Amino acid sequence: MGRGDLTNAEWARLEPHLPSAGRRGGRWNDYRTVVNGILFRVRTGIPWRDLAERFGSWKTAYERHRRWSADGTWDRILAAVQADADLAGRVDWSRVGVDSTSCRAHQHTAGARKKKPHVPKKRTTPRNHRPDEGLGRSRGGLTCKIHLAGEGGCHPLAFSLTPGRFGDAPQMIEVLSRIRVPRPQGGHPRTRPDHLGGDKAYSSRRNRRYLRRQQIKHTIPEPKDQRAHRKRRGNKGGRPAGFDNAIYKRRNEVERTINRLKNSRAVATRYDKRAYVFHGTVTAAAIKLWLRP
């Protein structure tokens, strides 16, 4: 077993959730080898053609990663691993944080075809496809932004991709709507945390109204301009937003989650041209974090 490969304990937690059959109806015999090859590339960020020979053909690993990113297999595996962790009591719902991080896009990321991509062997558009491919141009060049919701144990619950120029507040509801942890013993999947925390970038009347309707307690500081605008309106401005400084100190948990996620070099720097493939890369990195004891 090479450095960074799945341990026997991690493989035992992952194997039951992998697809049972290949494209031709037979079960793949090289599951562990190919999955280790995909995770090795996610961790190191090397070009697919430079994948070590011990992982087999680089094209097999690339095509399987691209196929699983397109048809949502990576997303289903992540949900299943999260369900196992929730059943074991390893998900801290008492404090879920939201934050975002920008990923520098490599120059090879640009130049994707304008034509819509298709799921291999199917006439459908891949899941998580974006016409803008999640790339935004700024002074520093092309960037991509990951909007993430993480639980108190520093594990990612859900995320979405946007171009780097997109703001944080408009994406909060989208990220929270993607939280969906199944319950194997029965019942509806869990979608709402007990408490949500975020920095002042997420402070808006729309976001606070949504959290109140969902009955989610939250700790989000109010910026000075919003506070002054509320006071100028008098009674029509509404009540001041509640804020607990002791709870707000736990906001570092979502930042540490992002740091752990960006330890994977293919996440910290985007090399994938297509947004749905990069979404699968981030999902694979998140699965690796959940497999750790």
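Residues numbered from 1 in each chain as written. Predicted model: local features only at pLDDT ≥ 70, side-chain atom pairs only at ≥ 80, totals over all residues. Heavy atoms only, no water.

Trainee: Can you break down the overall build of the chain residue by residue, with the values?
Mentor: Helix and strand counts for the chain stand at eleven helices and seven strands. Across its three principal axes, the chain shows a C-alpha extent of roughly 70 × 45 × 35 Å. Looking at the 293 residues of the chain, the share that counts as buried comes to 49%. For the chain, restricting intrachain contacts to residue pairs at least 6 apart in sequence, the fraction spanning at least 24 positions comes to 68%. Across the chain, the mean location of the 64 positive side-chain charges is 6 Å away from that of the 26 negative side-chain charges. (Helix = DSSP H or I, 4+ residues; strand = E, 2+ residues; numbered from the N terminus. Buried < 20%, exposed > 50% of the residue type's maximum accessible area, 1.4 Å probe, protein only. Contact = heavy atoms within 4.5 Å. Lys, Arg positive; Asp, Glu negative; His and termini not counted. Charge placed at Lys NZ, Arg CZ, Asp CG, Glu CD.)

Trainee: Before we move on, can you summarise a positive patch on the surface with the specific residues and values?
Mentor: A surface patch of positive charge is lined by Arg205, Arg209, Arg212, Arg213, Arg233, Lys236 and Arg239. For Arg205, the location among the structural elements is in helix α6 (residues 205-213). (Patch = residues over 30% accessible without salt bridge, like charges linked within 9 Å, V, L, I, M, F, W, Y side chains within 5 Å. Areas by Shrake-Rupley, 256 points an atom, 1.4 Å probe, with all protein chains shown as cover. Salt bridge = Lys/Arg side-chain N within 4 Å of Asp/Glu carboxyl O.)

Trainee: Hey, could you go over α6 for me, with residue numbers and the actual values?
Mentor: Two residues of an α-helix separated by three or four positions point the same way, owing to the 3.6 residues in each turn. Within α6, the full set of buried residues consists of Asn207, Arg208 and Leu211. One face of α6 carries all of its buried residues, which in axial projection span an arc of 95°. Within α6, the exposed residues directed more than 90 degrees away from the buried face are Arg205, Arg212 and Arg213. Packed against the buried residues of α6 are α5 (172-177), β5 (195-197) and β6 (217-219). Phi for Gln215, located one or two positions after α6, is positive at around 60°. (Arc of directions from axis to C-beta.)

Trainee: Which residues make up the pattern of salt bridges, and what are the values?
Mentor: Tallied over the full model, the rule gives 16 salt bridges. The salt bridge involving Glu10 is made with Lys288; its shortest N-O contact spans 3.7 Å. Of this pair, Glu10 sits in helix α1 (residues 8-14) while Lys288 is found in helix α11 (residues 275-291), placing the two residues 278 residues apart along the sequence. Comparing Glu10 with Lys288 shows no difference in burial state: the two are buried. One salt bridge connects Arg190 with Asp194, and the closest N-O pair in it is separated by 2.7 Å.

Trainee: Go over the environment of Trp48 with me, naming the residues and quoting the values.
Mentor: Following the sequence through the fold, Trp48 ends up in the loop between α2 (31-44) and α3 (58-71). Sequence separation between Trp48 and Asn128 is 80 residues; the distance between their C-alpha atoms is 22 Å. Those residues in contact with Trp48 that lie beyond four places of it in its chain are Ile38, Arg41, Trp58, Ala61, Tyr62, His65 and Asp272.

Trainee: With reference to specific residues and values, describe the pairing of strand β1 (residues 96-105).
Mentor: Extensive coverage of β1 is indicated by the burial of eight of its ten residues. In this sheet, β5 lies alongside β1 in parallel orientation, the contact comprising two bridges. The residue of β5 that forms the bridge with Val96 is Leu196. Both β1 and strand β3 (residues 141-150) contribute to a ladder of eight bridges, which runs antiparallel. Its bridge partner lying in β3, Gly97 is registered against Gly150. Here two bridges tie β1 to strand β7 (residues 269-270), and the two strands are oriented parallel to one another. Pairing of Ala105 across the sheet is with Arg270, part of β7. (Pairing = 2+ DSSP bridges.)

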